[in-house]
Amino acid sequence: EKTRTSNKSTYWVLFELMWRDFFRFFAAKHGDGIFRRTAVAGGQRKWADDPQKFELWATGRTGYPLVDANMRELQATGFMSNRGRQNVASFLALDLDVDWR
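Residues numbered from 1 in each chain as written. Predicted model: local features only at pLDDT ≥ 70, side-chain atom pairs only at ≥ 80, totals over all residues. Heavy atoms only, no water.

Peer 1: Residues and numbers for the packing of aromatic side chains, please.
Peer 2: Summed over all chains, the structure comprises 11 aromatic pairs. Ring plane angle 20 degrees and centroid distance 5.3 Å describe the contact between W19 and F23, whose orientation is recorded as stacked. Residue W19 and its partner F23 are located together in helix α1 (residues 8–30), separated by 4 residues, close to a single helical turn. Overall, the relative accessible area of 48% leaves F23 in the partly exposed class. Cluster of aromatic residues (ring-pair linked, three or more members): Y11, W12, F15, W19, F22, F23 and F26. (Phe/Tyr/Trp six-rings, centres within 6.5 Å; stacked < 30°, edge-to-face > 60°. Helix = DSSP H or I, 4+ residues; strand = E, 2+ residues; numbered from the N terminus. Buried < 20%, exposed > 50% of the residue type's maximum accessible area, 1.4 Å probe, protein only.)

Structure below.
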């Protein structure tokens, strides 16, 4: 950037590299604890035991337009943007309380 120029592309490359490094160090620190039911904070998450919630999510029929549009795009094209993947995964685990593991 100092010898050439900085722009949106260089910003996002650095941004994504920082996220990658953060999660690598986080995983190195906590090991397989990031996949345990108690997570790294030690709390016990109450997961919903409801296959219908997963089915609604997977078929794009949750009633949340952002989630549904991304899941339907995935079904139709086999593709979903990185941001879309983050959004639908977060919704599945944090809003629907479905155990993603």
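Peer 1: So what's going on with the pattern of salt bridges? Residues and values would help.
Peer 2: The final tally for this structure, using the stated rule, is 2 salt bridges. The partner of D21 in a salt bridge is R20, with the nearest N and O atoms 3.0 Å apart. (Salt bridge = Lys/Arg side-chain N within 4 Å of Asp/Glu carboxyl O.)

Peer 1: Go over the nonpolar core with me, naming the residues and quoting the values.
Peer 2: With 9 residues, the main nonpolar core is built from W57, V67, M71, M80, V88, F91, L92, L96 and V98. Among the secondary structure elements, those contributing two or more residues to this core are α3 (65–77) and α4 (82–95). Per element, the largest residue contribution to this core is 3 residues, and it comes from α4. When residues no more than four places from it in sequence are discounted, the contact partners of V88 are W57, V67, N70, M71 and M80. (Core = buried A, V, L, I, M, F, W, Y, C linked by side-chain atoms within 4.5 Å. Contact = heavy atoms within 4.5 Å.)

Peer 1: Would you mind going over the confidence of the model for the protein in detail, with residue names and values included?
Peer 2: On average, residues of the protein carry a pLDDT of 90, and 98% of them reach 70 or more. Taking the mean pLDDT of every element in the protein, the minimum, 92, falls on α1 and the maximum, 98, on α3. (pLDDT = per-residue confidence, 0-100.)

Peer 1: Can you lay out the environment of T62 for me, pointing to particular residues and giving the numbers?
Peer 2: By the secondary structure assignment, T62 is in the loop between α2 (51–58) and α3. The spatial distance from the C-alpha of T62 to the C-alpha of R72 is 11 Å, given a sequence separation of 10 residues. Every residue in contact with T62, bar those within four places of it in the chain, is listed here: L56, W57, V67, D68 and F91. Side-chain polar atoms of T62 contact the backbone nitrogen of Y64, separated by 3.1 Å. Side chain to side chain, T62 and D68 meet in a polar contact 2.6 Å long. (Polar contact = N/O pair within 3.5 Å; in protein donor to acceptor, adjacent residues only side chain to side chain.)

Peer 1: Describe the environment of A93, listing the residues and the values that go with them.
Peer 2: By the element assignment, A93 lies in helix α4. Here the alpha-carbon distance between A93 and A48, two residues 45 residues apart in the chain, equals 9.5 Å. Every residue in contact with A93, bar those within four places of it in the chain, is listed here: R45, W47, V98 and W100.

Peer 1: Account for the packing of α3 against α4, naming residues and giving values.
Peer 2: Relative to each other, α3 and α4 sit at 120 degrees, their axes nearing to 10 Å. On the basis of the axis angle, α3 is oblique to α4. Crossing of α3 against α4: the hand is left-handed. Contact with α3, carried on its side by L66, V67, N70 and M71, involves G84, N87, V88 and F91 of α4 and no other residues of that element. Its residues assigned to classes, the contact of α3 with α4 comprises 5 nonpolar, 3 polar and no charged. (Axes fitted to C-alpha atoms, helices over the stretch in contact; angles between N-to-C directions. Parallel < 35°, antiparallel > 145°, perpendicular 65-115°, else oblique. Left-handed = near helix turned anticlockwise from the far one by under 90°. Nonpolar A, V, L, I, M, F, W, Y, C, P; charged D, E, K, R; others polar.)

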